[in-house]
Amino acid sequence: MQRRNFLSSVFAALVAAKAVNAEERKLSPEVSEETKTKFDENTLLDKIKDDPAFSDYSNLLFPRGRTNGLRLRDESRLLPYHSYVMPKESAEVLNYMKDEVLKGKKIFYPLKTASNGRPVAGLFFFRGRPDAPFAIIFSGGFQYVGAIHEGFPIAKFLAGKGINAFVIVYRDGSAQAACDDLAQGIDFIFDHAKELEVSTKNYSLWGGSAGARMAAYLGSYGATEFGGKTKQRPSAVIMEYTGHSDISGSEPATYAVVGDQDGIASPWTMEQRIKRLKAQGTQAGFRLIRGMPHGFGLGTGTPAEGWAKEALDFWLKNSK
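What you see is a predicted model, and the numbers here were worked out from it, not measured in a lab.

Conventions used here
Residues numbered from 1 in each chain as written. Predicted model: local features only at pLDDT ≥ 70, side-chain atom pairs only at ≥ 80, totals over all residues. Heavy atoms only, no water. Salt bridge = Lys/Arg side-chain N within 4 Å of Asp/Glu carboxyl O. Buried < 20%, exposed > 50% of the residue type's maximum accessible area, 1.4 Å probe, protein only. Helix = DSSP H or I, 4+ residues; strand = E, 2+ residues; numbered from the N terminus. Pairing = 2+ DSSP bridges. Right-handed = clockwise from strand over helix to strand, strands pointing away. Axes fitted to C-alpha atoms, helices over the stretch in contact; angles between N-to-C directions. Parallel < 35°, antiparallel > 145°, perpendicular 65-115°, else oblique. Left-handed = near helix turned anticlockwise from the far one by under 90°. Contact = heavy atoms within 4.5 Å. Phe/Tyr/Trp six-rings, centres within 6.5 Å; stacked < 30°, edge-to-face > 60°. Lys NZ or Arg CZ within 6 Å of the ring centre and 35° of its normal.

Novice: Any details on the pattern of salt bridges? Residues and values, ideally.
Specialist: Applying the stated criterion across every chain, the model contains eleven salt bridges. With its nearest N and O atoms 3.7 Å apart, the salt bridge here joins Lys-105 to Glu-100. Classification of Glu-100 as buried rests on a relative accessible area of 7%. The network of salt bridges with common partners includes Glu-100, Lys-103 and Lys-105.

Shown next, in the form of structure tokens:
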């Protein structure tokens, strides 16, 4: 079976269980009391989406679904495959993003738009040090993209360590479309690296759940297999809780983390893939976290806390 057909069939099974403006523009919403208001756990999701700071891409902040009447403390309703969803953490990262916009920084770059002009895929940019390497984070969720839980917080963590981090919100519902969007995102960063002030050396791909599968596919086969033009492979792939087992034989360094109580992604499957990678000579690391279920994201305040720092160290150690 061809890889592209295989991708579609895998994603279907899981569901059942450049025309962009690359110029850095100043985003300066009119300063008002509403503009200066900070988000918290009691803020309505629709109020966040209506904030002038996010007006052009507010539809990509949260998973698709009805947000009417929901507050940030209710966000877990939109993330049924995730656990330890922390509204306080979400509020902190949304306030961080808003502050970046109010400072005149561009935080979003569209990749694909619908007929109404609204983006359906794009890159959120969390700036680290100028000319530092970059990471792309692919959130999971099968039928939705859980960037608010396992994308934005991880990117904020990496930016705090000086890494330039991008969260890609891709088109959900199709593994092929998702991988194509990821390939386009990689191309965009390479094409605009000078303007973005990022190094293209030793980049990494991070993913959670379904997003980890996409990161692994791009790591194993490269962006060119999915309609991209960038030939350079990542120096590392970081995978959170996924049952991905495919191996091409030319994988980059790979780090995997999963909870031993995960009822969606088999810890055994993840551990066996890491053993196979090591057997073929690939640098690989595996961490099993006791008592943790699926979809814990950054894992703040849980036994999983600290995995992202361990993964970052693994990536940097294996950068050539």
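Novice: Provide a residue-level description of the pairing of strand E6 (residues 236-240), including the pertinent values.
Specialist: With five of five residues buried, E6 is to be regarded as a mostly interior element. Burial of E6 is two-sided: the residues Ala-236, Ile-238 and Glu-240 facing one way and the residues Val-237 and Met-239 facing the other way are all buried. Relative to E6, strand E5 (residues 199-208) runs parallel, the two sharing five bridges. Residue pairing for E6: Gly-208 is matched across the bridge by Glu-240. Where the polypeptide runs from E5 across helix H9 (residues 210-221) and back to E6, its parallel neighbour, the crossover connection is right-handed. Sheet topology note: the E6/strand E7 (residues 253-259) ladder contains five bridges and is parallel. When the bridges of E7 are listed, Ile-238 appears paired with Tyr-255.

Novice: Before we move on, could you go through the pairing of strand E2 (residues 119-126) and cite the residues and values that matter?
Specialist: For E2, a buried count of seven out of eight residues is recorded, marking the element as mostly surrounded by other parts of the structure. Relative to E2, strand E1 (residues 108-113) runs antiparallel, the two being bridged by five bridges. Bridge pairing in E2 links Pro-110 to Gly-122. The turn joining E1 and E2, which pair antiparallel and follow one another in sequence, is formed by five residues; a positive phi near 90 degrees is taken by Gly-117. Bridge count for E2 against strand E4 (residues 164-169) is five bridges, and the pairing is antiparallel. Within E4, the position partnered with Gly-122 by the bridge is Val-169.

Novice: Any chance you could break down the packing of helix H6 (residues 152-160) against helix H11 (residues 307-317) for me, citing the residues and the numbers?
Specialist: Running from amino to carboxyl end, H6 crosses H11 at an angle of 55 degrees, the nearest separation of the two axes being 11 Å. What the angle tells us is that H6 and H11 run oblique. Read as a crossing pair, H6 and H11 show a hand that is right-handed. Taken together, the residues of H11 that come into contact with H6 (itself represented by Ile-154, Phe-157 and Leu-158) are Trp-307, Ala-308, Lys-309 and Leu-312.

Novice: Mind laying out the packing of aromatic side chains, listing which residues take part and the relevant values?
Specialist: Taken as a whole, this structure holds 18 aromatic pairs when the rule is applied. Taking 5.4 Å as the distance between ring centres and 45 degrees as the angle between the ring planes, the aromatic pair formed by Tyr-109 and Phe-188 counts as tilted. Of this pair, Tyr-109 sits in strand E1 while Phe-188 sits in helix H7 (residues 175-191), and the two are 79 residues apart along the sequence. You can call Phe-188 buried: its relative accessible area is 5%. Each member of the aromatic cluster is reached from another via a ring pair, and the members are Phe-39, Phe-54, Tyr-57, Tyr-96, Phe-108, Phe-124, Phe-126 and Phe-152. Over the face of the ring belonging to Tyr-96 we find Lys-156, whose NZ or CZ atom lies 5.5 Å from the ring centre.

Novice: Quick rundown of H6? Include the residues and the values.
Specialist: Among the residues making up H6, those that are buried are Phe-152, Pro-153, Ile-154, Ala-155, Leu-158 and Ala-159. In the stretch just after H6, Gly-162 is the one whose phi turns positive, near 95 degrees.

Novice: I'd like a rundown of the sheet that holds strand E8 (residues 284-289), residues and numbers included.
Specialist: One open sheet accounts for eight strands, arranged E1-E2-E4-E3-E5-E6-E7-E8; its pairing is mixed. Every other strand in the sheet has two partners, leaving E1 and E8 as the edge strands with one partner each. Across the sheet, the mean angle from the axis of one strand to that of its neighbour is 15 degrees, orientation sign disregarded. Each of E1, E2, strand E3 (133-138), E4 and E5 touches H7; the most contacted strand, E1, lies at about 135 degrees to it. Along the sheet, H9 contacts E3, E5 and E6; its crossing angle with E5, the most-contacted strand, is approximately 145 degrees.

These figures capture arrangement, not role.
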